[in-house]
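Close look at the chain arrangement
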Amino acid sequence: MKLQMLCLALVLLAVETNAIKQGKNVTIPALLVFGDSIMDTGNNNNLPTLLKCNFPPYGKDFPNGFASGRFSDGRVPSDLIAEKLGLAKTLPAYLNRNLKPDDLLKGVTFASGGTGYDPLTAKIMSVISVWDQLTYFKEYISKIKQHFGEERAQNILDHSFFLVVSSSNDLAHTYLAQSHRYDRKSYANFLADSAVKFVRELHKLGARKIGVFSAVPVGCVPLQRTVFGGMLTRGCNRPLNYMAKQFNARLSPALESLDKELDGLILYIDVYDTLFDMIQHPKKYGCCGSGALAVSYMCNILNPFTCSNSSAYVFWDSYHPTERAYQVIVDNLLDKYLSKVF
């Protein structure tokens, strides 16, 4: 009987040890985000770039109608995911000049609107490349160590959720500048390989729970439909969506392989299908991006296409969804993927 109890205890200990190793039942202390305008909460505000949105009507549905630098009418996925994880209702931008040491503990976003995996993208747009975002991440960890100690920093590295969201700007804009070097398929593959390289670098810096968003159907955003979809049909830009699908087809198995190779969790998060379905089936979509070429400074309070009820639409401007659309996407994705993180 004692031998049976001992065996049972050893089995339970092994299960518990494995659960801890896999991150089960471990609280996520912080959310740390890298990428582009989908996740930017204000890092572009003080950059010498035209890609800013810290003015009305951006932020009309944000608390107090504040134009915080988020490319939407309200909150963006980095905020909504932070809330879903029980961390905070909003996730601060790392370059926010009012950030205090305590504000760092639940996470930040390093994302910069207009950037991409291709270094040329950030250079063209005068924004922060994803590679420079890694430099800011190293600085962030140093600050955590300085103010809260090595143990707190290690806990953040071991148990936080790291999100990487990019590729849209590369596909929609920079490919044209790179088309003398790549065809559509090889450029999409180059971006996917760059994403995998980025994840490797992030893992080397200590991150152990990393989620990477797929490319979105960028050929179906209002600007692309207006310019390339035909005046009457306003269909999606199919070659651009082909590149997005090729990027995803290359990225998904590469990340699956990386997940087996490295310790921790490397997770491919498919956003393409969810957003594509939302774009194809709503009765209305568009708001600022309903047909006019409106994004950043072109989306302003003087624009007649700015709508009063943005929650009824999928898109806020020519490229970016509304908070309501983001909420639907985040709820859908986290219900599917969040159990793998804990």
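Because the structure is a prediction, the values reported are computed rather than measured.

What follows concerns the confidence of the model for the protein. Per-residue pLDDT for the protein averages 86, and the proportion of residues at 70 or more is 82%. Taken as a whole, residues 1-25 scores under 50 in pLDDT and shows 8 contacts with residues more than four places along the chain or in a different chain. Counting contacts from residues 284-297, a segment whose pLDDT is below 50, to residues more than four positions away or on other chains yields 59 contacts.

What follows is about the sheet that holds strand S2 (residues 107-109). Here we have 5 strands laid out as an open sheet, ordered S2-S1-S3-S4-S5, and parallel in their pairing. The open sheet has two edge strands, S2 and strand S5 (265-269), and neither has a second partner. Going from strand to strand, the sheet's axes swing by 15 degrees on average, the running direction of each strand aside. Those strands touched by helix H4 (residues 130-148) are strand S1 (31-35), S2 and strand S3 (161-165), and its axis lies near 155 degrees from that of S1. On the sheet, helix H7 (residues 184-204) packs against S1, S3, strand S4 (209-213) and S5 and is oriented at approximately 160 degrees with respect to S4.

Overall, the coordinates contain 1 cavity of 30 Å³ or more when judged by the stated rule. Along its surface, the largest cavity is lined by Ile81, Phe161, Leu163, Phe213, Ile269, Val330, Leu333, Leu334, Tyr337, Leu338 and Val341. Of all the secondary structure elements, the ones that give two or more residues to the lining of the largest cavity are S3 and helix H11 (323-341). Residue contributions to the lining of the largest cavity peak at 6 residues, all from H11. Looking at the lining of the largest cavity residue by residue, the class counts come to 11 nonpolar, no polar and no charged.

Tallied over the entire structure, the rule returns 1 disulfide. With its sulfur 2.0 Å from that of its partner, Cys220 forms a disulfide with Cys236. Given an S-S torsion of about 110 degrees, the disulfide between Cys220 and Cys236 has right-handed geometry. Of the two residues, Cys220 is situated in the loop between S4 and helix H8 (222-228) and Cys236 in the loop between H8 and helix H9 (238-261); the sequence distance between them amounts to 16 residues.

Rules and cut-offs
- Residues numbered from 1 in each chain as written.
- Predicted model: local features only at pLDDT ≥ 70, side-chain atom pairs only at ≥ 80, totals over all residues.
- Heavy atoms only, no water.
- pLDDT = per-residue confidence, 0-100.
- Contact = heavy atoms within 4.5 Å.
- Pairing = 2+ DSSP bridges.
- Helix = DSSP H or I, 4+ residues; strand = E, 2+ residues; numbered from the N terminus.
- Axes fitted to C-alpha atoms, helices over the stretch in contact; angles between N-to-C directions.
- 1 Å grid on protein atoms, 1.4 Å probe; cavity = no way out; pocket = protein on both sides within 12 Å on 5 of 7 lines; lining within 4 Å.
- Points joined across faces, edges and corners; volume = space filled by probe spheres on them.
- Nonpolar A, V, L, I, M, F, W, Y, C, P; charged D, E, K, R; others polar.
- Disulfide = S-S within 2.5 Å.

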